[in-house]
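Secondary and tertiary structure notes
So the chains spell out like this:
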Amino acid sequence: MAIIDDSKVAAARLTEALLSCRKAVVFTGAGISTESGIPDFRSPGGMWSKMQPIQFQDFLTSDAARREDWRRRFMMFDQFRDAKPNAGHRAIARWVEAGIADIVITQNIDGLHQLSGVPAEAVVELHGNGTYAACLDCEKRFDEAALRATFDRDGRPPVCDACGGIVKAAVISFGQMMPEREMERAQEATLAADLFIAIGSSLVVFPAAGFPLLAKRNGAQLLLVNGTETDLDFEADLVLRGKIGDILGKTLLETS
Ligand code: NAD
Ligand code: ZN
C-alpha cells in the first residue's frame, strides 16, 4: 500500500489509473458531499458525534423513535434542498460520461450524483434516498413538504393516507434489509471492474464496505481517496489522502 498526500500527484495517479483501466467502478460515501455542506457521520462534528442512529426495529415499534427519526429527516431534507454538487461529484460525472465507469455505487442518500449529471440509472443507491418518503406497506411515495406541514402542526409521525401504513424516508436504516436489486447490481459491476475507486468513505459500514474488498479479491486495483485513514487502507493498492474536491477536481483535465 502506498500513500500519496500531495493533491497534484494524487490527481495525476488517479488520472493515469482512469485512463489505463478497462472498466472502473466508483464507490462513494458521505465524505464526497461534505464540500456541498452536508455533514458526514464519522468526522469530528459529524452526525454520530451528536446523536445515536435509530434502529429499524425501534422505528417500527416506537412512536417516540418515529417522531425523532422524522425530526432528523426534516433537518436533513433542509440540507439536501440547499446542497449543490461539488467538484468531486462533477469529476465523477465526467468519468461516467467518458465511459470509464458505467456505475456509481453510493452509500449517500442525498441525490447529488444524479444532480451532477450522472444518469439516474447509473447510480446504485445502497442506502436508499432521503429526498422522498414512502409507505412501508403499499410503497406509495410522499412529498416531503406535505408530510412536514402535518408534522409541524400536530407533531405526529406521518401515516399513509391510502392504507394507514407507516411512512418512512426512503432510506435504509440500521437493522433494515439491504435493497436486493441494488446489491445485485453493485456486485455485478464490482466483479466486472479492473479498477475500484472508493471515495469519501470510512469503509466501516457493512455490507457496503464489502464491495471494495470483493473488487480486490477479484483482482481489481483498489484505489482509495479519503482525508483520513479508513478501515481498508491496508487492502488498497494506492491511498490518495487529501481533500476530495482538490484531488478529483484535477483529474482528466487534459482531456476535458
Ligand atoms: P463516514 O462519515 O463514515 O466517512 C466519511 C469519510 O469521509 C471520513 O473518513 C472523512 O474523514 C472523509 N471526508 C469527509 N469529508 C472529506 C473531504 N472533503 N475530503 C476527503 N475526505 C473527507 O461516511 P460513510 O463511510 O459514507 O458511511 C456512513 C453512512 O453515512 C452511509 O451509510 C451513508 O448512508 C450515510 N450518510 C450519508 C450522507 C449523505 O447522503 N450525504 C451524509 C451523512 C451520512
Ligand atoms: Zn400505504
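Here, every reference points to the structure presented above.
Now for a description of the structure that goes with this document. (Residues numbered from 1 in each chain as written. Chains lettered and ligands numbered in written order. Predicted model: local features only at pLDDT ≥ 70, side-chain atom pairs only at ≥ 80, totals over all residues. Heavy atoms only, no water.)

Further remarks concern helix α3 (residues 63-82). Here α3 spans 29 Å end to end across 20 residues, near enough to the 28 Å set by a 1.5 Å rise per residue. Among the residues of α3, those classed as buried are A65, R66, D69, W70, R72, R73, F74, M76, F77 and F80. Looking at the buried residues of α3, the elements they touch are α2 (56-61), β5 (128-135), α6 (144-154) and β7 (167-171). In this structure S62 caps α3, since a side-chain oxygen of it lies 3.3 Å from the backbone nitrogen of A64. (Helix = DSSP H or I, 4+ residues; strand = E, 2+ residues; numbered from the N terminus. Expected span 1.5 Å × (residues − 1). Buried < 20%, exposed > 50% of the residue type's maximum accessible area, 1.4 Å probe, protein only. Contact = heavy atoms within 4.5 Å. Polar contact = N/O pair within 3.5 Å; in protein donor to acceptor, adjacent residues only side chain to side chain.)

A few words now on the site of ligand 1. Close contacts around ligand 1 come from 29 residues, with R42, Q107, D110, H127 and S202 the closest. Measuring from a nitrogen atom of ligand 1, one finds a backbone N or O atom of G31 at 3.4 Å. The contact in question runs from an oxygen atom of ligand 1 to an N or O atom on the backbone of G200, over 3.5 Å. Burial of ligand 1 by the protein chains amounts to 93% of its free accessible area of 860 Å². Its residues placed into classes, the shell around ligand 1 shows nine nonpolar, 15 polar and five charged. (Near = heavy atom within 4 Å. Areas by Shrake-Rupley, 256 points an atom, 1.4 Å probe, with all protein chains shown as cover. Nonpolar A, V, L, I, M, F, W, Y, C, P; charged D, E, K, R; others polar.)

Positionally, N129 belongs in strand β5. There is a polar contact of 3.0 Å between the side chain of N129 and the side chain of E125.

Here we come to the packing of aromatic side chains. Within the structure shown, the criterion is met by four aromatic pairs. On the basis of an interplanar angle of 35 degrees and a centroid distance of 5.2 Å, the ring pair of W70 and F74 is categorised as tilted. Of the two residues, W70 and F74 are both situated in helix α3; the distance of four residues between them amounts to about one turn of the helix. Residue classification places F74 among the buried residues on the basis of a relative accessible area of 3%. (Phe/Tyr/Trp six-rings, centres within 6.5 Å; stacked < 30°, edge-to-face > 60°.)

This part is about the pattern of salt bridges. Tallied over the entire structure, the rule returns 15 salt bridges. Between R73 and D69 there is a salt bridge; the shortest N-O distance is 3.5 Å. A residue pair is termed a helical-turn pair when its members lie 3 or 4 positions apart in one helix, as R73 and D69 do in helix α3 at four residues. Residues R81 and D82 are paired through a salt bridge, measuring 3.7 Å at the closest nitrogen-oxygen approach. No difference in accessibility class separates R81 from D82, as the two residues are exposed. Via salt bridges that share partners, D78, R81, D82, E144, R148 and D152 belong to a single interconnected network. (Salt bridge = Lys/Arg side-chain N within 4 Å of Asp/Glu carboxyl O.)

Turning our attention to the sheet that holds strand β3 (residues 101-106). Read across the open sheet, the seven strands follow the order β1-β10-β9-β8-β2-β3-β4; overall the sheet is parallel. The sheet terminates laterally at β1 (2-4) and β4 (123-125), the two strands that pair on one side only. Each adjacent strand pair in this sheet contributes to an overall mean axis angle of 20 degrees, direction not counted. As paired strands, strand β2 (residues 24-28) and strand β8 (residues 195-199) are joined by five bridges and run parallel to one another. (Pairing = 2+ DSSP bridges. Axes fitted to C-alpha atoms, helices over the stretch in contact; angles between N-to-C directions.)

This next bit is on the coordination of the zinc ion (ligand 2). Taken together, the protein donors to the zinc ion (ligand 2) comprise C135 (SG), C138 (SG), C160 (SG) and C163 (SG), at separations of 2.3 Å. Coordination geometry of the zinc ion (ligand 2): the four donor atoms subtend angles of 100 to 115 degrees at the metal centre, consistent with an arrangement described as tetrahedral. Counting the intervening residues between successive donors of the zinc ion (ligand 2) yields the motif C-x2-C-x21-C-x2-C. The class of C160 is buried, set by a relative accessible area of 5%. (Donors = N, O, S within 2.8 Å, 3.2 Å for Na, K, Ca; no water. Tetrahedral: all angles 85-135°; square planar, octahedral: opposite > 155°, others 65-115°.)

Turning our eyes to something else, we now look at the nonpolar core. Among the nonpolar cores identified, the biggest contains 31 residues, and L14, W95, I199, V225 and L248 are the most heavily contacted of them. Elements that contribute at least two residues to this core include exactly α1 (7-20), β2, α4 (87-97), β3, β8, β9 (221-226), β10 (238-241) and α9 (244-249). Here this core takes five residues from α4, the largest share from any one element. Once residues within four sequence positions are removed from consideration, I199 is found in contact with V26, F27, T28, G29, I32, I92, W95, V225, I244 and L248. By size, the runner-up hydrophobic cluster in this structure holds 25 residues, among which are I105, A189, A220 and A236. (Core = buried A, V, L, I, M, F, W, Y, C linked by side-chain atoms within 4.5 Å.)

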